[in-house]
Amino acid sequence: MRLASGAVVDVTLDGELIASVEAARSDTDKLLLPAYVDTHVHLDKALIRDELPEHDGTLSGAIGAIQARKRSYDVEDVRRRARAVIESGVLAGTTRFRSHVDVDTIGGLRPLQGVLAAAADCAGYAEIETVAFPQEGILRDPGALDLMRAAMEAGCDVVGGMPHWETSEADQREHVRLCFELAERFDADLDLHVDETDDGSIRTLEMVADAALERGYLGRVCVGHVCSLAAADETYAERVIAKCVEAGMTVVANPATNLVIQGRGDRGLIRRGLTRVAQLRAAGVNVCFGQDCVKDGFYPFGRGDMLEVALISAHAAHLATHDEIAFVLAAVTENPARAWNVGEPGIRPGARADLILLEAPSWEEALRLQVRPERVWFKGREVAGNRLLSWLG
Ligand SMILES: [Zn+2]
């Protein structure tokens, strides 16, 4: 089989791990890739779109539109929908999902309980990490912090946050402080929704980077979206990106959702809501792409297919050279694995055998033609596959 690098190899497995990767003589048209990792998805609110009222298309419109539906969540309902997305994702070659889960006074802990139940259902073919996510704010939603603490006690892996959603700069700063305090208490990593707005004067990315540096939380903080960094001035952007590098932070851009939901107030030249992917990458920040939303109030499409996310992201972030297209693969495989701290990523001895085999001569062709995996392995065990029947003439 051929690796994305072009090397033709034989791979042997030993239990859950890759035992050896050795050069092979015979050429092949099968491509072996690490299974995809989706490091930013919302499994609890997936697939509810048909039950929601229409709204103005903005982030705040979406948050408001799902509240009534969230009030009616029960654990089985969340479990069924989350499981459907996980299964769709595994068939498309994704075996690891980091799911933000709403933790607030509307849904309580039901979203978490549903996603944890789905994670247990799917434990034979996918690994799910959960993030306690205060979708309605912490200071804006009194009671949310206690629920976040309860969520961590109930088995949540990572502390989430959304500081820009608070209504004043002081509250945003306090939100960040509370998130770090909670993470320290549970010795957990952080994964925050940061600056998902077009307003370039919002600066919670710097609050998060400063807190990570002050507290020595290095290599343990992930920030998602970071849209308004694109609209910020260069002096700020350069300063804050340097801090992100120093703190070993990961940035997860979610181009699919943000292309749809940002820039709604613009007329004429409409901003597309993407962070500074090229600049972050050039500075040495670990950059990933995530699905974010699957047919919910924020985004009408999505199916947990990271190859689709990769193609959308390549268009959105101007990634077109061979080197940039190779980066697109890393941004949905090795880079998110690195953010999770899940051991050696990639296809090498000692790495976990989460693999996909595709009928494609190269990664670029797999991306261009959106080739679904023929075979999917999770922890060394073959767990899924696809067969395509086509007909012409
Ligand atoms: Zn999100």
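Numbers given to residues run from 1 along each chain, matching the order in which its sequence is written. Two thresholds apply to this predicted model, a pLDDT of at least 70 for residue-level local features and 80 or more for giving and counting side-chain atom pairs, whereas whole-chain, interface and lining totals are computed over all residues. Side-chain numbers here rest on the full set of heavy atoms in the structure, without hydrogens or water.

Asker: Outline the packing of aromatic side chains, supporting the account with residue identities and numerical values.
Answerer: Geometry of aromatic contacts follows a simple scheme: Phe, Tyr and Trp rings, the Trp one being its six-membered ring, pair when their centres are within 6.5 Å, and the pair is stacked under 30 degrees between planes, edge-to-face over 60, tilted otherwise. By the definition in use, this model includes 3 aromatic pairs. For the ring pair F180 and Y217, a centre distance of 5.9 Å and an interplane angle of 75° mean the geometry is edge-to-face. Residue F180 is located in helix α5 (residues 169-186), and its partner Y217 is located in the loop between α6 (204-215) and β9 (221-225); the two are separated by 37 residues in the primary sequence. Note on accessibility: F180 and Y217 belong to one class, buried. Each ring, one from F289 and one from F327, has its centre 5.9 Å from the other, and the planes form 65°; the classification is edge-to-face. Taken together, the positions of F289 in strand β11 (residues 286-289) and F327 in helix α11 (residues 322-331) put the pair 38 residues apart, joining distant regions of the chain. Note on exposure labels: buried denotes an accessible area under 20% of the residue type's maximum, exposed denotes more than 50%, and partly exposed covers the range between, all computed with a 1.4 Å probe on protein chains only. Judged by relative accessible area, which is 7%, F327 ranks as buried. Remark: a charge is flagged as sitting over a ring if the NZ atom of Lys or the CZ atom of Arg is within 6 Å of the ring centre and within 35 degrees of the ring normal. Cation over ring: R81 sits above Y73, and NZ or CZ is 5.0 Å from the ring centre. Stacked on the ring of Y236, the Lys or Arg R203 has its end atom at 3.8 Å from the ring centre. Under the DSSP-based scheme used, a helix requires at least four consecutive residues in state H or I and a strand at least two consecutive residues in state E, with every element numbered from the N terminus.

Asker: Account for the side chain of S20, naming residues and giving values.
Answerer: By the secondary structure assignment, S20 is in strand β2 (residues 17-23). Judged by its relative accessible area of 15%, S20 falls in the buried class. Within the structure, the side chain of S20 is placed 2.4 Å from the side chain of T12, a separation counted as a polar contact. Should any heavy atoms of two residues lie within 4.5 Å, those residues are counted as being in contact. Ignoring any residue separated from it by four or fewer positions in sequence, one finds S20 in contact with D10, V11, T12 and P349. Any pair of N or O atoms that falls within 3.5 Å is considered a polar contact. Within protein, one atom must be able to donate a hydrogen and the other to accept it, and sequence-neighbouring residues count only if both atoms are side-chain atoms.

Asker: An account of helix α7 (residues 234-246) is requested, with residue identities and associated values reported.
Answerer: Helix span, as expected, comes to 1.5 Å for every residue beyond the first. Under the 1.5 Å per step criterion, the end-to-end length of α7 is 18 Å for 13 residues, consistent within 8% with the ideal 18 Å. Residues Y236, A237, V240, I241, K243 and C244 constitute the buried set of α7. Each buried residue of α7 lies within a common arc of 155° when the element is viewed along its axis, so the set occupies one face. Turned more than 90 degrees from where α7 packs its buried face, T235, E238 and E246 sit exposed. Of the surrounding elements, those touching the buried residues of α7 are α6 and α9 (277-283). Looking at where α7 begins, the residue whose side-chain oxygen comes 3.1 Å from the main-chain nitrogen of T235 is D233. Of the residues one or two after α7, G248 is the one with positive phi, at around 60°. The directions from the helix axis to the C-beta atoms form the arc being described.

Asker: Residue-level account of the coordination of the zinc ion, with values.
Answerer: In the first shell of the zinc ion, the protein supplies H40 (NE2), H42 (NE2), H193 (NE2) and D292 (OD), at 2.1 to 2.3 Å from the metal. Metal-centred angles of 85 to 179° between the 4 donor atoms at the zinc ion mark the site as irregular. Mapped onto the sequence, the donors of the zinc ion take the spacing H-x1-H-x150-H-x98-D. In terms of burial, H40 and H42 fall into one category: buried. Only nitrogen, oxygen and sulfur atoms qualify as donors, and only when within 2.8 Å of the metal (3.2 Å in the case of Na, K and Ca); with water excluded, sites may look incomplete. Geometry assignment treats four donors as tetrahedral when all angles are between 85 and 135 degrees, treats four as square planar and six as octahedral when opposite donors are over 155 degrees apart and all others between 65 and 115, and treats everything else as irregular.

Asker: Break down the domain arrangement of the protein chain for me, citing the residues and quoting the values.
Answerer: Segmenting the protein chain into domains produces domain 1 (9-34 + 347-385) and domain 2 (36-340). Domain limits in this description derive from either an automatic procedure or a database domain assignment. A straight line from the C-alpha centre of domain 1 to that of domain 2 covers 28 Å. Each partner contributes residues to the interface: domain 1 has 22 residues there, and domain 2 has 25 residues. Here the quantity called buried area is the total loss of accessible area, with a 1.4 Å probe, experienced by two parts when brought into contact, counted for both. For the pair domain 1 and domain 2, the summed buried surface comes to about 2,000 Å²; carbon and sulfur atoms form 60% of the total. A pair is scored as a salt bridge if a Lys or Arg side-chain nitrogen falls within 4 Å of a carboxyl oxygen belonging to Asp or Glu. In this structure, the connection of domain 1 to domain 2 is made through 3 salt bridges. Between R372 and D305 there is a salt bridge, with the nearest N and O atoms lying 4.0 Å from each other.

Asker: A description of the pattern of salt bridges should follow, citing residues and the corresponding values.
Answerer: One pass over the full model with this rule turns up 41 salt bridges. The salt bridge involving K70 is made with D104; its shortest N-O contact spans 2.6 Å. With K70 in helix α1 (residues 59-71) and D104 in the loop between β5 (94-102) and α3 (110-121), this pair connects stretches of sequence that are 34 residues apart. Each member of the pair, K70 together with D104, is buried. The salt bridge partner of D146 is R149, with a shortest N-O separation of 3.0 Å. With a gap of 3 residues between them, D146 and R149 both fall in helix α4 (residues 144-153), about one helical turn apart. Residue D146 is classed as partly exposed on the basis of its relative accessible area, which comes to 49%.

Asker: Would you mind going over the packing of α5 against α6 in detail, with residue names and values included?
Answerer: When two helices pack together, their arrangement is given by the angle between their axes and by how far apart the axes lie. Think of each axis as a best-fit line through the C-alpha atoms, taken over the contacting stretch in the case of a helix, with angles from 0 to 180 degrees between the N-to-C directions. The geometry of α5 relative to α6 is characterised by a closest axis approach of 10 Å and an angle of 40° between their N-to-C directions. The two elements α5 and α6 meet at a crossing, and its hand is right-handed. Residues E169, Q172, R173, V176, R177, F180, E181 and E184 of α5 form the contact with α6, whose participating residues are T204, M207, V208, A211, A212 and R215. Three classes are used: nonpolar for Ala, Val, Leu, Ile, Met, Phe, Trp, Tyr, Cys and Pro, charged for Asp, Glu, Lys and Arg, and polar for all others, with Gly counted as polar. Looking at the contact of α5 with α6, its residues break down into 6 nonpolar, 2 polar and 6 charged. A clockwise turn of the near helix away from the far one marks a right-handed crossing, whereas an anticlockwise turn of less than a right angle marks a left-handed crossing.

Asker: Can you lay out unusual backbone geometry for me, pointing to particular residues and giving the numbers?
Answerer: Positioned with a positive phi, L47 is a non-glycine residue whose angle comes to about 65°. Inspection of the secondary structure puts L47 in the loop between β4 (36-41) and α1.

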